[in-house]
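# What the coordinates show
Each chain, letter by letter, is given below.
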Amino acid sequence: MSMSPLSSAGELPNVLVMGVGSILMTDEGIGIRAVEELQRRYLFPDNVELLDGGTSGIELLSYISGRDYLIIVDAIKSGNQPGTVLKVEGEDVPAQFRTRISPHQLGISDLLAAATLTDELPKRLVLFGIEPKNIVLGIGLSREVKSGLDHLLEVVVEDLRGIGCKVEKLEQHEISQKQSIWGKV
Amino acid sequence: MRSVENALQLEIPLNAQYIRNLMMGAHATHDHIVHFYHLGALDWVDIVSALKADARATANLGQKLSPWPGNSYDAVKASQERLKTFVGSGQLGIYGSGYWGHPAMKLSPEVNMLAAHHYLQALEYQREINKVVAILGSKTPHIQNLAVGGVANPINLDSQSTLNMERLYYIKTLIDKVGDFVENVLLVDTAAVAAFYADWTQVGKGVTNYLSAPDMPMDTKGTTFALPGGYIPDGDVTKFQPIKSYTDPFFGENVKESIKHSWYDGDWDKHPWDEETVPNYTDFQDNKKYSWVKSPTFKGRPAQVGPLANVLCMFAAGHAPTKKYAATMLDTISSLAGAKVGIDALHSTIGRIGARSIRCAVLYDTLKSQWNALVENIAKGDVTTFSPPTFPSGVQKGYGFHEAPRGILSHWIVIENGKIKNYQAVVPSTWNAGPRNSQDAPGPYEASLVGNPVQDPERPLEILRTVHSFDPCLACAIHVFDRNQNEIVKVKAV
């Protein structure tokens with residue numbers, strides 16, 4: 001993958017961190033939960049936007065259009081130990097979504113294909129996620145996936161810092177105690 | 001939501017009706033555009049053949065068919081180059097499972113290219129109309145503003161953070177921009193595909209009892225509608241019977257579901273209020289139970305639902321915009337096919353596709369009139385959008401219907417002491433995809449496939465054409481994974 005600059009000199013890259021998945025399918029909801037937790041535990045600069053992409057597909061085209069850098073967060077089935085934090089880069093990201101079967105992934109595959117056709121694919125693409133244990137109807141993450149969540153957040157934040165984004169970790173007393181309506185992830 | 005409102009006999013503020021109507025119209029426009037170009041057209045249009053087209057001849061053809069400004073040589077050429085790059089990269093992606101070069105693909109490379117060009121442009125327009133849904137519903141497709149009793153959209157013309165004139169005019173701009181595309185591109189392309197595949201007006205008729213809901217209520221009670229609906233038995237539009245209101249017993253008393261051939265416990269025909277849903281999977285048994293889908297009936301018979309049913313019912317009711325756009329469509333097909341094509345041609349696979357575009361054009365007129373109605377009502381000083389419901393003790397029963405993009409959708413509720421006691425949704429794809437009913441009469445999919453041609457059983461493109469013409473809502477239920485297309489993806493632990 002070429003490492004051409006993400007943005008013109010002196011300009012901050014336009015970054016989207018998008019969680020995808022279904023919170024009604026246990027570990028499939030990790031992308032959404034990760035974005036919620038990032039929002040809760042960190043402070044992001046103006047050039048970084050966080051989005052709960054849910055189970056949408058092509059509807060997300062206008063959200064990814066015009067971005068320099070797109071981070072997708074999702075459950076990644078790859079045969080590793082459940083809970084393992086994983087990374088897929090560049091051309092392998094669309095391929096990853098093409099090879100998978102689950103309610104939302106056809107949507108993301110179509111989304112990335114459509115963005116290629118309309119010349120709106122972000123300059124750089126990366127997928128972070130966790131190997132799921134269960135993908136069945138139900139609310140809440142498995143113990144294994146939950147235990148990988150903190151590390152997942154750290155690697156996403158490290159990646160953002162790596163491209164020059166100033167992400168600040170909030171102190172414990174600054175973190176909103178408000179939880180998701182489904183209770184603690 | 002409408003089922004609860006119906007159970008509580010709740011009146012809905014006019015603004016809320018108009019806002020819901022705008023969202024329904026925009027959502028359906030989005031669905032119809034995406035269905036034609038991105039989900040259905042590639043059954044008829046060969047993307048690989050389009051790459052061989054002469055871009056100049058394609059542009060000339062486009063300009064002959066329509067005054068649309070997007071058919072210039074430069075624009076067509078750019079689309080063709082983009083497709084070449086995409087296909088050439090080896091990542092056919094969304095095109096990976098297409099039956100390219102199939103003998104049933106009959107369009108010339110130039111017609112294929114024109115359709116592919118509009119396929120790319122449609123990606124832009126579907127997004128524009130979706131913005132209307134997002135502005136009013138906060139989010140799309142999972143809208144957040146609907147509530148029993150109205151909508152959660154405060155209207156204040158002096159506030160920047162509510163529905164105000166700036167937002168309303170932006171919505172109008174989006175409606176007109178997309179309406180132009182629907183009239184000058186979608187309607188024309190659909191007519192062209194229908195004309196070049198005129199033999200498909202003889203295929204896929206299936207069940208010709210048609211059911212559709214009246215929709216776009218124009219009063220607080222749901223007794224007058226901008227779009228009529230009702231029932232046509234045996235394909236005879238002269239026998240049309242309207243559904244007149246939200247409380248019309250003609251609808252409320254005539255819907256039942258059968259589970260004789262469905263994987264649920266028992267064998268009965270029940271009214272939705274009295275149903276239960278207890279799974280009983282038996283494996284595929286073609287003379288017993290063979291589907292997860294129940295089998296709905298209207299007056300004891302299967303009915304086809306969807307844009308075709310809706311267009312035929314509106315046509316039968318004398319709805320002026322429907323008659324206008326149906327005539328435009330049929331005249332264009334007739335002139336391209338060189339033979340007179342009448343409304344009877346709509347009882348077919350290609351007719352369902354044509355009717356969807358006619359409906360989409362009707363919705364453009366409807367969106368404009370709903371926008372006017374909303375703005376005029378606000379101008380009178382009415383900013384109400386919500387009537388709070390109260391839930392009495394005892395039992396209330398209700399039902400609500402909506403003419404959704406895929407056809408009539410009805411929800412049925414039984415409330416007991418403020419809690420849900422029973423809830424059934426009888427959805428459009430259930431009407432169309434249902435197995436045989438208790439009388440062993442087949443549903444629309446099954447009936448429409450009888451006599452459907454198949455040239456190559458290994459590549460059953462023609463079956464897809466007929467099933468896709470219904471716009472099936474099964475995308476989340478069935479995924480076919482071809483191991484041969486597996487790609488090697490580098491995943492690393494971090």
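The structure we're discussing is the one just above.
This write-up is about the structure you can find in this document. (Residues numbered from 1 in each chain as written. Chains lettered and ligands numbered in written order. Predicted model: local features only at pLDDT ≥ 70, side-chain atom pairs only at ≥ 80, totals over all residues. Heavy atoms only, no water.)

## Brief notes about the overall build of chain B
Summing up its helical and strand segments, chain B has 14 helices and 14 strands in all. Taken against the 2.2 N^0.38 rule, which gives 23 Å for 494 residues, the C-alpha radius of gyration of chain B at 23 Å falls within 12% of a compact globule. Along the three orthogonal principal directions, the C-alpha set of chain B runs to about 70 × 65 × 65 Å. Expressed as a percentage of its 494 residues, the buried residues of chain B come to 55%. Sequence separation of 24 or more characterises 74% of the internal contacts of chain B that already satisfy a separation of 6 or more. With an accessible surface of roughly 20,200 Å², chain B has 54% of that area assigned to carbon and sulfur atoms. (Helix = DSSP H or I, 4+ residues; strand = E, 2+ residues; numbered from the N terminus. Rg over C-alpha atoms; globule rule 2.2 N^0.38 Å. Buried < 20%, exposed > 50% of the residue type's maximum accessible area, 1.4 Å probe, protein only. Contact = heavy atoms within 4.5 Å. Areas by Shrake-Rupley, 256 points an atom, 1.4 Å probe, with all protein chains shown as cover.)

## Regarding the environment of Gly 88 of chain B
Tracing the sequence through the fold places Gly 88 of chain B in helix α5 (residues 73-88). In sequence terms Gly 88 of chain B and His 271 of chain B are 183 residues apart; their C-alpha atoms lie 55 Å from each other.

## Some details on the sheet that holds strand β9 (residues 269-270) of chain B
Residue and element names in this part refer to chain B. Pairing is antiparallel across the open sheet formed by three strands, whose spatial order is β9-β8-β10. The two strands at the open ends of the sheet, each matched to only one other strand, are β9 and β10 (295-298). Two elements, strand β8 (residues 255-258) and β9, share two bridges in a ladder whose sense is antiparallel. Bridging across to β9, Glu 257 finds its partner in Lys 270. (Pairing = 2+ DSSP bridges.)

## Description of the state of the cysteines
Joining two cysteines, a disulfide is a covalent bond between their sulfur atoms. Overall, the coordinates contain zero disulfides over all chains when judged by the stated rule. Here Cys 313 of chain B is not disulfide-linked; the sulfur of Cys 360 of chain B is the nearest cysteine sulfur, at 19 Å. (Disulfide = S-S within 2.5 Å.)

## Concerning the sheet that holds strand β11 (residues 395-404) of chain B
Hydrogen bonds between backbone atoms are what pair the strands of a sheet, whose relative direction is either parallel or antiparallel. Residues and elements named next belong to chain B. Spatially, the three strands line up as an open sheet ordered β11-β12-β13, and their pairing is antiparallel. Each edge of the sheet is formed by a strand with only one pairing partner; in this case those strands are β11 and β13 (419-426). Ignoring strand direction, the axes of neighbouring strands in this sheet form an average angle of 15 degrees. Here strand β12 (residues 407-416) pairs with β13 via seven bridges, running antiparallel. Considered in β13, the bridge of Ser 410 is made with Val 426. (Axes fitted to C-alpha atoms, helices over the stretch in contact; angles between N-to-C directions.)

## So, the nonpolar core
Counting residues in hydrophobic clusters, the biggest one holds 125 residues, and the most contacted among them are Met 18, Ile 72 and Ile 108 of chain A together with Ile 33 and Tyr 37 of chain B. Discounting residues that sit within four places of it in the chain, Ile 72 of chain A has contacts with Met 18, Val 20, Val 93, Phe 97, Ile 108, Val 126, Leu 127 and Phe 128 of chain A. (Core = buried A, V, L, I, M, F, W, Y, C linked by side-chain atoms within 4.5 Å.)

## Describing helix α2 (residues 14-40) of chain B
All names here are of chain B. The first and last C-alpha atoms of α2 sit 36 Å apart over 27 residues, in line with the 39 Å expected at 1.5 Å per residue. Within α2, the axis deviates most sharply at Val 34, by approximately 35 degrees. The element α2 is extensively covered by neighbouring structure, given that 24 of its 27 residues are classed as buried. (Expected span 1.5 Å × (residues − 1). Bend = angle between axes of the 7 residues up to and from the residue.)

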